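# Reading the structure
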Amino acid sequence: MREPLGDQVPDLLLERSRDGAGGLRLTGEGSMLAELIKAVLERALEAELSSHLGYGKHEVAGHGSGNSRNGRIGKTVQTGVGPVRLAVPRDRAGTFEPVLVPKRAGRISGGLDAMIISLYAHGMSVRDIQHHLRQIYEVELSHEAISNITDAVLEEVRAWQARPLEAVYPVVFLDAIVVKVRDNHVVQSKPAYLAVGIDTEGAEHVPGIWPAKTPTETATAGQSARFWSAVMTDLKNRGVRDVLIARTDGLNGAVHVAFPHTTVQTCVVHLIRNAPRPVARRDRAAVAAELRKIYTAPDAEAAFDALANFTASDWGRRYPQAGRVFEAAWDRFTPFFAFTPGVRRLLYTTNGIESPNYQLRKVTKARGHFPGDDAVVKLLWLAIINIEDKRARERAACKDETGKTKSSPGSARLIEGQRTIGWREALIELDIAYPGRIR
């Protein structure tokens, strides 16, 4: 812009933007950027009024037109660089309705709204956003105004929650994160259910987010088979015809309500974590080494023998609860033994969903509680989009530097569209194990 403006305008803005100490104020009232925005907005408002009246300023065509300019009225609007004091033109008939700066609007949307939504997506509370805008940009926005800005994404969230899904997901990871929500007039901890599905192309997607519903006759909401059944039914209603393997901590009955032929594979890592809990700290390393023989066995029969050997050993007799963890989940624990090590690594843990869950917990951790379920879904959706955007930018930056796109798990996109490592070989095995179900 320097060439059409020349040096005089930037020099004048520079001089007017000096503070008492001689420093340069780029943002805030009276700053260089605020003055530039003021000039652009006022010029645009004059153009809007000329279009409304049908003639330009000082043009002869305005004589006897029945409506004319009627001075200006002062108005302060909040922008992404701070408050800006505008002189808004008026018409004598009072019929002029500005589009760029609507009547009774206290802010200019766009940059400021995007900034507020970004801060909210990174986990800042409404109060923290208020403080940040006041401290950095000298912008004063009410709690209600900030909430309304973030609520503007709810329609997009609802469309995302209802979008059609793939017909077949070879693998779906199911889990929940716990948040504090005001429900039935009481603040309580309740799970928000989350699913990550791997489609036939090996790309990962988040089908949806489902906050648990609390029955009015109960005080709390927990992970229940009834609600998981509702989640599965929602997936089916949105076009999912088949799920080959569901990775979860159980609830196989809930999965089978909608998908009766789905194999439920429990999280082996959760079993490994739970089994040593009753074991004394000094004995945990030795017990863990014995338990390792169970889940690293070459097949289910060898795993059963390893469990029997552990139960009959001194460690098994001293800590029988450790072996019972595997016994209780045996039917859900053994399905992954039917595959080669490459596919077992895919099914071994719920990292496909625990990794994004870890990122989402960082966002929700700073919150005291949410006012309702919509607020939970809104923040989690914004956080998912933010994670996706961050990973996409990292991959783009890597490609710009090297000419190649990183594909390692640590740098790949975590949510939408991440390519599963070794998926081609896994898909071949899954097609053999489940003939005719992958299209």
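Rules and cut-offs
- Residues numbered from 1 in each chain as written.
- Predicted model: local features only at pLDDT ≥ 70, side-chain atom pairs only at ≥ 80, totals over all residues.
- Heavy atoms only, no water.
- Helix = DSSP H or I, 4+ residues; strand = E, 2+ residues; numbered from the N terminus.
- Buried < 20%, exposed > 50% of the residue type's maximum accessible area, 1.4 Å probe, protein only.
- Polar contact = N/O pair within 3.5 Å; in protein donor to acceptor, adjacent residues only side chain to side chain.
- Contact = heavy atoms within 4.5 Å.
- Axes fitted to C-alpha atoms, helices over the stretch in contact; angles between N-to-C directions.
- Parallel < 35°, antiparallel > 145°, perpendicular 65-115°, else oblique.
- Nonpolar A, V, L, I, M, F, W, Y, C, P; charged D, E, K, R; others polar.
- Pairing = 2+ DSSP bridges.
- Phe/Tyr/Trp six-rings, centres within 6.5 Å; stacked < 30°, edge-to-face > 60°.
- Lys NZ or Arg CZ within 6 Å of the ring centre and 35° of its normal.

## Regarding the side chain of Asp 242
Topologically, Asp 242 is positioned in strand 6 (residues 242–248). Accessibility expressed as a relative area gives 10% for Asp 242, which makes it buried. Among the polar contacts listed, one links the side chain of Asp 242 to the side chain of Arg 437, at a separation of 2.7 Å. In this structure Asp 242 touches Ala 167, Val 168, Tyr 169, Phe 259 and Arg 437, once residues within four positions along its chain are discounted.

## Structural notes on the packing of helix 11 (residues 284–295) against helix 12 (residues 300–312)
With their axes 7 Å apart at the nearest point, helix 11 and helix 12 run at an angle of 150° to one another. Here helix 11 lies roughly antiparallel to helix 12, going by the angle between them. Here Val 287, Glu 290, Leu 291, Lys 293 and Ile 294 of helix 11 come into contact with helix 12, specifically with Ala 303, Ala 306, Leu 307 and Phe 310. For the contact of helix 11 with helix 12, the class distribution of residues is seven nonpolar, no polar and two charged.

## Concerning the pairing of strand 4 (residues 186–198)
Along any regular strand, the residues point their side chains to alternate faces of the sheet. In terms of residue burial, strand 4 counts as a mostly covered element, since ten of its 13 residues are buried. Taking the residues between adjacent antiparallel strands as the criterion, strand 3 (residues 168–183) and strand 4 are bridged by two residues, where Asn 184 takes a positive phi near 55°. Relative to strand 5 (residues 203–211), strand 4 runs antiparallel, the two sharing six bridges. Paired with Leu 194 across the strands is Ile 209, a residue of strand 5. The hairpin turn running from strand 4 into strand 5, its antiparallel successor, is four residues long, and Gly 202 in that turn takes a positive phi close to 85°.

## Structural notes on the environment of His 122
For His 122, the position within the fold is in the loop between helix 4 (111–121) and helix 5 (126–137). Not counting residues within four places of it along the chain, the set of residues in contact with His 122 comprises Val 363 and Asn 386.

## Some points on the packing of aromatic side chains
With the rule as written, the count across this model stands at eight aromatic pairs. Here the aromatic rings of Phe 333 and Phe 337 are separated by 5.5 Å at their centres, their planes lie at 90°, and the arrangement is edge-to-face. In this structure, Phe 333 and Phe 337 share a single accessibility class: buried. Arranged with centres 4.5 Å apart and planes meeting at 40°, the rings of Phe 336 and Phe 337 form a pair that is tilted. Phe 337 sits in the buried class, given a relative accessible area of 7%. In textbook terms, an aromatic cluster arises when at least three aromatic residues are bridged by ring pairs, as seen for Phe 304, Phe 326, Trp 330, Phe 333, Phe 336 and Phe 337. Just above the ring of Phe 336 sits the side chain of Arg 344; from NZ or CZ to the centre is 5.8 Å.

Purely geometric numbers; function is a separate question.
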